[in-house]
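Listed below are the residues making up each chain.
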Amino acid sequence: MDLTTSVSELANVGEIYAKRLSKLGILTLEDLLMHVPFRYEDFTNIKKISTIKAKENVTIHAKIESITNITTKRGRKAQLAIVFDETGKMQILWFNQPYILYALKTGSDFAFSGNAQWFNKKLTLFAPVYEPLSSKSESIHTGRIVPIYHTTNKINSKWIRTRIFHLLKNDFEEFLPEDILKKHNLMDFTNAVKTVHFPEKSDNIENARKRLAFNEFFMQQIKWLMRAEDRKKFTISHKINIPKSLYLNFVNSLPFKLTQSQERSIKEIFEDLKKKTPMNRLVEGDVGSGKTVVAGAAAFAAFTNGFQSVFMAPTQILAEQHYNTLSKLFAPYKGRVSLITSTKKSIEMGRSDIFVGTHALIYKKVDFDKVALVVIDESHRFGVNERAKIAKIVSKNKKSPHILTMTATPIPRTIALTAYGDLDLSTLDELPKGRKPITTWIVPPEKRNGAYEWISKEIDENKVQAFIVCPLIDESQVETLKEIKAVKTEFEKLQNIFKDKRLGLLHGKLKSKEKEKVLEDFRKGSLDILVSTPVVEVGIDIPNATIMVIEAAERFGLAQLHQLRGRVGRGEKKSYCLLFTESKSEKVNQRLLAMKKSISGFELAEIDLQMRGPGEIYGVAQHGFPQLKVATWQDSNLIKLTRLVAQEAISDKNKFAKVFEKLNKLEVNLN
Ligand code: ADP
Ligand code: MG
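Residues numbered from 1 in each chain as written. Chains lettered and ligands numbered in written order. Predicted model: local features only at pLDDT ≥ 70, side-chain atom pairs only at ≥ 80, totals over all residues. Heavy atoms only, no water.

S.K.: Would you mind going over unusual backbone geometry in detail, with residue names and values included?
M.R.: Even without being a glycine, Lys 121 presents a positive backbone phi close to 65°. Looking at where Lys 121 falls in the secondary structure, it is placed in the loop between β5 (109-119) and β6 (122-132). For Glu 378, which is not glycine, the phi dihedral falls at a positive 45°. (Helix = DSSP H or I, 4+ residues; strand = E, 2+ residues; numbered from the N terminus.)

As structure tokens, this is what we get:
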């Protein structure tokens, strides 16, 4: 049975259902098998009617005496059946399923599985699953451990269960070598899918899932490794070599000493740039770890070799900030920097050496001439397509650019390697020296006024500045007019509280000129307090701001709170983060306490990982992050194991021939 074929080939799955299945991410037969139950109902308890107790999960085999539409006392439409076996009668109730009258005919024999409860003083089965009793076929929905699937409103669990049940009558080819299965104690594939969907005992389910999770990570890893191989073979880039003395000039002209991890990352980047295969590297560093200058060094190397660089940032504010930073960095070397955003295209002095901008870089006609390096900052904010597009646009004469992506999303290394597996990874795991740890306070309503007074005093006495961030009302990432109104109201309130202070307001809907002005005023100190929506979250760097107030902190995830807090603590002065909350929930409290306990994004990522349910993980709901079907990102041991086995496979393709056969077929069938 070839599992790479489309589900539409399956009996009873036509075009329409194939389309509905695709909404669940199910395209091939294998996808269908990997659509594993999210829970099971144990209906193995087959009972005679007279022995059933309340609240029991049971299966009965019974004959239908009558079935009718009724209206309950509360006016709900329902369907009531009376059924019997040789020990007695009982009733069955469904709500709002009139079609059941067509399926269940008086006098016929059915199996029913459900939960028994009291209704009008009679033991009643509520909305049980049912199937005709027949000596010929095995039961699918009753009398066993029954799998329950994620569904859409157009496909129900029963339908999926039936399709999978019939598909599982086949045997499937094992594609892993026998000795690998033995060595790593993996169930064979056929057995694993059968057990996951229709387990005989619940004991074996974990093992079966592990095997399927293994497949998932393993295939992902193999793909990454093959892609890396291809890249080495088929793409070339510009070789960039920077003489040590020139680099030292650059380092010495910086206003600070590089941290060890900055130096290490720069070294790793320079090694990549020397090669003729293009670099594809991710710099992962906590907020404030100094990623910009690392990318700056790479751009400097390109510049000294006569090449251009492109810096792409997710917001205009951030692009402008990079423009300023890089302009300063390159001024001593007469490097020409230009800024390209949707409202601006300031290509100064003709040809440019560095183009900084937002995704406007992609669609504005910029005269890219000799781009050897593309830097994508806060890369998790971009889609895979945008990243690929910018690389393509700047490619000339069949030469691809070196690509450096940067992110402050501290995904644990094992996960990053799997999720972004075709990237090489550099990590900035230390903050620049002299940073004072940020003190975090949780501020309940009764302490709010005291907190405002304290902020006022701090501003007066230490000449520092403060951010006050108001959350977006709903979870959406975009700012609607309603939210702007909310932040404006808050702004007026704060103007009354801080009467003698200079306040500015920043939100996404301001005209770019206005945004620029507010930020510039704040940067140069002519504003004391910047009231803002979470637009300040990404990348903003203003060292004299030492107070970060986050309103309704419970509405933010740990990742975002950490990013926001990372806006302060960048200078020499002591910094504070005040988490305002009115929530009394224990869970919220725990989350906010984690912020107090830890200042490391990597640590918070781990905490978040533990606190959330499987499947979800810190910052993972992002573009380009593979969705898992069976495996969970928490399972770092399995990730490590699959990586090792994938490496073994790449180096011994004969032994793993079936794996590569499968990959090939997948590509052919899906293209
Ligand atoms: P992020 O990693 O969050 O992008 P930035 O690149 O914006 O961090 O750097 C944060 C701040 O730290 C900037 O003001 C930058 O000038 C400063 N900085 C970067 N590297 C160092 C260093 N080695 N020593 C001191 N300050 C540094
Ligand atoms: Mg940054």
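S.K.: Break down the packing of helix α18 (residues 558-565) against helix α19 (residues 586-597) for me, citing the residues and quoting the values.
M.R.: For the pair α18 and α19, the least separation of the axes is 11 Å and the interaxial angle reads 35°. Here α18 and α19 pass one another in a crossing that is right-handed. Where α18 abuts α19, its residues Leu 558, Leu 561, His 562 and Arg 565 lie against Arg 591, Leu 592, Ala 594 and Met 595. Of the residues that constitute the contact of α18 with α19, the class distribution is 5 nonpolar, 1 polar and 2 charged. (Axes fitted to C-alpha atoms, helices over the stretch in contact; angles between N-to-C directions. Left-handed = near helix turned anticlockwise from the far one by under 90°. Contact = heavy atoms within 4.5 Å. Nonpolar A, V, L, I, M, F, W, Y, C, P; charged D, E, K, R; others polar.)

S.K.: Describe the confidence of the model for the protein, with residues and values.
M.R.: Overall, the prediction assigns the protein a mean pLDDT of 88, with 93% of residues at 70 or greater. Between residues 613-624, whose pLDDT stays under 50, and residues either more than four places distant or in other chains, the model counts 31 contacts. (pLDDT = per-residue confidence, 0-100.)

S.K.: Help me get a handle on the sheet that holds β5, residues and values and all.
M.R.: On the basis of which strands lie adjacent, the closed barrel formed by 5 strands has the order β2-β3-β4-β6-β5 and mixed pairing. Across the sheet, the mean angle from the axis of one strand to that of its neighbour is 50°, orientation sign disregarded. With 3 bridges connecting them, strand β4 (residues 88-95) and β6 associate as parallel partners. Looking at β6, one finds that Ile 92 is bridged to Leu 125. (Pairing = 2+ DSSP bridges.)

S.K.: Break down the pattern of salt bridges for me, with residues and values.
M.R.: If you walk through the whole model with that rule in mind, you get 29 salt bridges. Residue Lys 629 pairs with Asp 31 through a salt bridge whose shortest N-O separation is 3.2 Å. Taken together, the residues Lys 629 in the loop between α20 (601-611) and α21 (636-651) and Asp 31 in helix α2 (residues 29-34) connect sequence positions 598 residues apart. By relative accessible area, which is 37% here, Lys 629 ends up partly exposed. (Salt bridge = Lys/Arg side-chain N within 4 Å of Asp/Glu carboxyl O. Buried < 20%, exposed > 50% of the residue type's maximum accessible area, 1.4 Å probe, protein only.)

S.K.: A description of the site of ligand 1 should follow, citing residues and the corresponding values.
M.R.: Taken together, 16 residues form the shell around ligand 1, and within it Lys 257, Gly 288, Thr 292, Arg 435 and Asp 541 come nearest. Take Lys 291: an N or O atom from its side chain is 2.8 Å from an oxygen atom of ligand 1. Within the side chain of Arg 570, one N or O atom sits 3.2 Å away from an oxygen atom of ligand 1. Protein contacts shield 84% of the accessible area of ligand 1, which totals 570 Å² for the unbound molecule. Here the residues of the shell around ligand 1 sort into 4 nonpolar, 6 polar and 6 charged. (Near = heavy atom within 4 Å. Polar contact = N/O pair within 3.5 Å; in protein donor to acceptor, adjacent residues only side chain to side chain. Areas by Shrake-Rupley, 256 points an atom, 1.4 Å probe, with all protein chains shown as cover.)

S.K.: How would you explain the sheet that holds strand β18 (residues 503-506) if you had to name every residue and give the values?
M.R.: Pairing is parallel in the open sheet, where 6 strands are placed in the order β16-β21-β20-β17-β19-β18. If you trace the sheet from one side to the other, it starts and ends with β16 (439-443) and β18, each paired once. Each strand of the sheet is rotated relative to its neighbour by a mean of 20°, with strand direction disregarded. The pairing of strand β20 (residues 545-550) with strand β21 (residues 576-580) spans 4 bridges and is parallel. Bridging from a neighbouring strand, Met 548 pairs with Cys 577 of β21.

S.K.: Break down the packing of aromatic side chains for me, with residues and values.
M.R.: Aromatic ring pairs are described here by two measures, namely the spacing of the ring centres and the angle between the planes. Counted under the stated rule, the structure contains 25 aromatic pairs. When the centroid spacing of 5.8 Å and the interplanar angle of 90° are considered together, the rings of Phe 119 and Phe 126 count as edge-to-face. Looking at Arg 163, its charged tip hangs above the ring of Trp 159, at a distance of 4.9 Å from the centre. The positively charged end of Lys 653 is found above the aromatic ring belonging to Phe 660, 5.8 Å away from the centroid. (Phe/Tyr/Trp six-rings, centres within 6.5 Å; stacked < 30°, edge-to-face > 60°. Lys NZ or Arg CZ within 6 Å of the ring centre and 35° of its normal.)

S.K.: Tell me about the nonpolar core, and name the residues and values.
M.R.: It is characteristic of soluble globular proteins that their nonpolar side chains tend to be buried jointly. Leu 176, Leu 212, Phe 218, Phe 656 and Val 659 are the most contacted members of the largest nonpolar core, which totals 65 residues. Here the element with the most residues in this core is helix α7 (residues 205-234); it accounts for 9 residues. If you count residues domain by domain, this core takes at least three from each of domain 2 (171-233 + 638-671) and domain 3 (244-428). For Leu 212, the contacting residues outside a window of four places in its chain are Met 34, Val 36, Phe 189, Ala 192, Val 193, Val 196 and Val 630. Membership of the second largest hydrophobic core comes to 43 residues, among which are Tyr 247, Met 279, Ala 297 and Ala 301. (Core = buried A, V, L, I, M, F, W, Y, C linked by side-chain atoms within 4.5 Å. Domains from an automatic or database assignment.)

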